[in-house]
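# Structural characterization, general
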2 protein chains.
Amino acid sequence: MPFCYDYARPALTVDCVVFGYDETELKALLIKRDLPPFKRMWALPGGFVRIDETVDDAAKRELFEETGLEKVYLEQLYTFGDLHRDPRERVVTVAYFALVKMSDHRLRATTDAQDAKWFPVRQTPKLAFDHRDILDLAIARLKGKVTYQPIGFELLPTKFTLTELQKLYETILETALDKRNFRKKMLSMELLEPLGEYTEGGAHRPAELYRFNKKKYEKLSKSGFFFEL
Amino acid sequence: MPFCYDYARPALTVDCVVFGYDETELKALLIKRDLPPFKRMWALPGGFVRIDETVDDAAKRELFEETGLEKVYLEQLYTFGDLHRDPRERVVTVAYFALVKMSDHRLRATTDAQDAKWFPVRQTPKLAFDHRDILDLAIARLKGKVTYQPIGFELLPTKFTLTELQKLYETILETALDKRNFRKKMLSMELLEPLGEYTEGGAHRPAELYRFNKKKYEKLSKSGFFFEL
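These numbers were taken from a predicted model, which means no experiment stands behind them. (Residues numbered from 1 in each chain as written. Chains lettered and ligands numbered in written order. Predicted model: local features only at pLDDT ≥ 70, side-chain atom pairs only at ≥ 80, totals over all residues. Heavy atoms only, no water.)

## Points about the sheet that holds strand β9 (residues 160-161) of chain B
Residues and elements named next belong to chain B. Taken together, three strands build an open sheet; the order of strands is β9-β11-β10 and the sheet is antiparallel. The sheet is open, and its two borders are formed by β9 and β10 (192-198), each paired with just one other strand. Where β10 and strand β11 (residues 208-212) come together, four bridges link them in antiparallel fashion. When the bridges of β11 are listed, Tyr198 appears paired with Glu208. (Pairing = 2+ DSSP bridges. Helix = DSSP H or I, 4+ residues; strand = E, 2+ residues; numbered from the N terminus.)

## Quick look at the packing of helix α2 (residues 131-146) of chain B against helix α3 (residues 162-173) of chain B
All names here are of chain B. Running from N to C, α2 and α3 cross one another at 140°; their axes reach a closest spacing of 9 Å. In this structure, the crossing between α2 and α3 has a hand that is left-handed. For the pair α2 and α3, contact is made by Leu142, Lys143 and Val146 and by Tyr169, Ile172 and Leu173, respectively. (Axes fitted to C-alpha atoms, helices over the stretch in contact; angles between N-to-C directions. Left-handed = near helix turned anticlockwise from the far one by under 90°. Contact = heavy atoms within 4.5 Å.)

## Thoughts on the relation of the copies chain A and chain B
Superposing chain A onto chain B takes a rotation of 180° combined with a translation of 0.0 Å along the rotation axis, leaving an RMSD of 0.0 Å. This pairing of chains is accounted for by a two-fold axis. Closest approach to the rotation axis within chain A is made by the C-alpha atom of Cys4 of chain A, at a distance of 2.0 Å. Residue by residue, 100% of the interface of chain A is reproduced at the interface of chain B, so both copies engage with the same surface. (Least-squares fit on C-alpha atoms with pLDDT ≥ 70 in both.)

## Considerations on the pattern of salt bridges
Residue and element names in this part refer to chain B. Enumeration over the complete set of coordinates arrives at 36 salt bridges over all chains. Between Lys27 and Asp22 there is a salt bridge whose closest N-O contact spans 3.7 Å. The closest approach of N and O atoms between Arg122 and Asp136, which form a salt bridge, is 3.7 Å. Taken together, the residues Arg122 in the loop between β8 (113-120) and α2 and Asp136 in helix α2 connect sequence positions 14 residues apart. Residue Arg122 is classed as partly exposed on the basis of its relative accessible area of 47%. (Salt bridge = Lys/Arg side-chain N within 4 Å of Asp/Glu carboxyl O. Buried < 20%, exposed > 50% of the residue type's maximum accessible area, 1.4 Å probe, protein only.)

## Examining the interface of chain A and chain B
Taken together, the contacts link 33 residues of chain A with 33 residues of chain B. With both chains or domains summed, chain A and chain B bury close to 3,200 Å², and 60% of this area falls on carbon and sulfur atoms. Where chain A meets chain B, there are two salt bridges. Here Arg9 of chain A and Glu89 of chain B are joined by a salt bridge, their closest N and O atoms 2.7 Å apart. Run the count over chain A and chain B and you get 18 residue pairs in polar contact (both at pLDDT 80 or more). Mapped by element, the contributors of at least two residues to the side of chain A that touches chain B are β1 (3-5), β2 (11-21), β6 (75-80) and β7 (91-101) of chain A. Taken together, the residues that form the side of chain A that touches chain B break down as 19 nonpolar, six polar and eight charged. Relative to strand β1 (residues 3-5) of chain B, β1 of chain A runs antiparallel, the two sharing three bridges. Opposite Cys4 of chain A, over in β1 of chain B, you have Cys4 of chain B as the bridge partner. (Buried area = accessible area lost by both parts, 1.4 Å probe. Polar contact = N/O pair within 3.5 Å; in protein donor to acceptor, adjacent residues only side chain to side chain. Nonpolar A, V, L, I, M, F, W, Y, C, P; charged D, E, K, R; others polar.)

## Overview of α2 of chain B
All names here are of chain B. For α2, built from 16 residues, the straight-helix expectation of 22 Å at 1.5 Å per residue is met to within 8% by its first-to-last C-alpha distance of 23 Å. Listing the buried residues of α2 in full gives His131, Ile134, Leu135, Ala138, Ile139, Leu142, Lys145 and Val146. Looking straight down α2, one finds that the buried residues subtend no more than 140° of arc, so they occupy a single side. Elements that come into contact with the buried residues of α2 comprise β2 (11-21), β3 (26-33), β4 (42-43), β6 (75-80), β7 (91-101) and α3. (Expected span 1.5 Å × (residues − 1). Arc of directions from axis to C-beta.)

## Overview of the packing of aromatic side chains
The geometry of two aromatic rings is summed up by the distance between their centres and the angle between their planes. Summed over the entire model, instances satisfying the criterion amount to 18 aromatic pairs over all chains. Seen in terms of ring centroids, Phe212 of chain B and Tyr217 of chain B are 4.9 Å apart; in terms of plane orientation they differ by 70°. Their pairing is edge-to-face. Assigned by exposure class, Phe212 of chain B and Tyr217 of chain B land together as buried. Over the ring of Tyr5 of chain A we find Arg9 of chain A; its NZ or CZ atom is 3.8 Å from the centre of that ring. (Phe/Tyr/Trp six-rings, centres within 6.5 Å; stacked < 30°, edge-to-face > 60°. Lys NZ or Arg CZ within 6 Å of the ring centre and 35° of its normal.)

## With respect to unusual backbone geometry
Residue and element names in this part refer to chain A. The residue after Pro36, namely Pro37, is reached through a cis peptide bond having omega -5°. Tracing the backbone through its elements, the reader meets Pro37 in the loop between β3 (26-33) and β4 (42-43). Even without being glycine, Lys71 reaches a positive phi, approximately 55°. The phi dihedral of Phe129 falls on the positive side, at around 50°, and the residue is not glycine. Mapped onto the elements, Phe129 comes out in the loop between β8 (113-120) and α2 (131-148).

## Points about the environment of Leu83 of chain A
Relative to the assigned elements, Leu83 of chain A resides in the loop between β6 and β7. Leu83 of chain A sits in the partly exposed class, given a relative accessible area of 27%. Sequence separation between Leu83 of chain A and Tyr5 of chain A is 78 residues, and the spatial gap between their C-alpha atoms is 20 Å. When sequence neighbours within four positions are dropped, the list of residues in contact with Leu83 of chain A reads Arg90 of chain A together with Ile51, Asp52, Glu53 and Thr54 of chain B.

## Let's talk about the confidence of the model for chain A
Parts of the model with low pLDDT should not have their predicted coordinates read in detail. All names here are of chain A. Looking at chain A, the pLDDT average stands at 93 and 98% of residues meet or exceed 70. Model confidence for chain A, summarised as mean pLDDT per element, is weakest for β8 at 90 and strongest for β6 at 98. Predicted complex, confidence summary: ipTM 0.92, pTM 0.94. (pLDDT = per-residue confidence, 0-100.)

Shown next as structure tokens:
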């Protein structure tokens, strides 16, 4: 035990909530724990912060090591600092979250994890530690975010229909939205550019394709707006 | 040095950004450091998290010990986890913020601080550590918050004029707002109740007094809205 201090120190960890969208469902990326405590239980990917890496870098590293995911934009969610989160000892964890297109990433469990898998956010197995609380806070944060920031650029195909965009909102918000109202609000923001092109084939009527106006998307990402439900 | 671990651990601290409003200016509460590093420099109130207290409790305790402030609703701001924030060693800090009415609180420096004082947020002395970055992030967060949550309940007198409310917004947003537009938007939210009473005396024309509709205030605090500038 070579590292000694005058005062007892909590251990510091990171945990990552990665939401995946596959055009029908919102999923969370979980790993199966290899070691005690909670051995063989599912948990959020994460682990200890090393003394020579930033907390942000620790989150990226642990996510990559345990799931193979890289080049993911992790945003800080919240720091969980209660006393008995971990049965071993006092551990404070900095939680991060991200939202990715599932098909952009291939999973690969490596160190400290037996397995890595996507689960529908409301149908996960029982999670280790307080990870259900962390996941729930991330879901709430994500719902809040879509009401004041544009979403979809990294999640939808380059050209998409308004129905596909509405489906994304409905999936995240876990609620059905009125079609007419949704279209009216979306189009009034000038965030979308109609392409004059239409979907082909399939059982449905051709639907117009849109793309995001990147400038407006970035502007609204910074300034915010209010998408009233 | 009785506390030894297998791996080196960052020290964990808390820092508090407390904004004070005095009906004319937005100020930040700073303390003068008693000990090195940055001895005699001004800094945010804060300190080490004890092994047997939650991170939230550490923030409350440090704020009280260093400034005498209590019963303040501290909200978590962000965790700063870069490598060289502290010249002594690796220290990760969880930052909190709050907004209070200055006249509700009396300052009293106690442990670890020579002095505690309010400074206009843009006219502070040079701050210790990365505390200027923490303060700047808190200012940005506060500006964001007022565009989607009601503000003022704890900061204004029970009965206030629209001019006083506008002054609060202008102070936080650091920008002048159009009077007509501000009134129109504010009144359209049904957040304010006109009292049919008017200010008396003084050099100005009597102005109508309002109070917050507490129910609506709480509802909008949860649901959010968008106050377009």
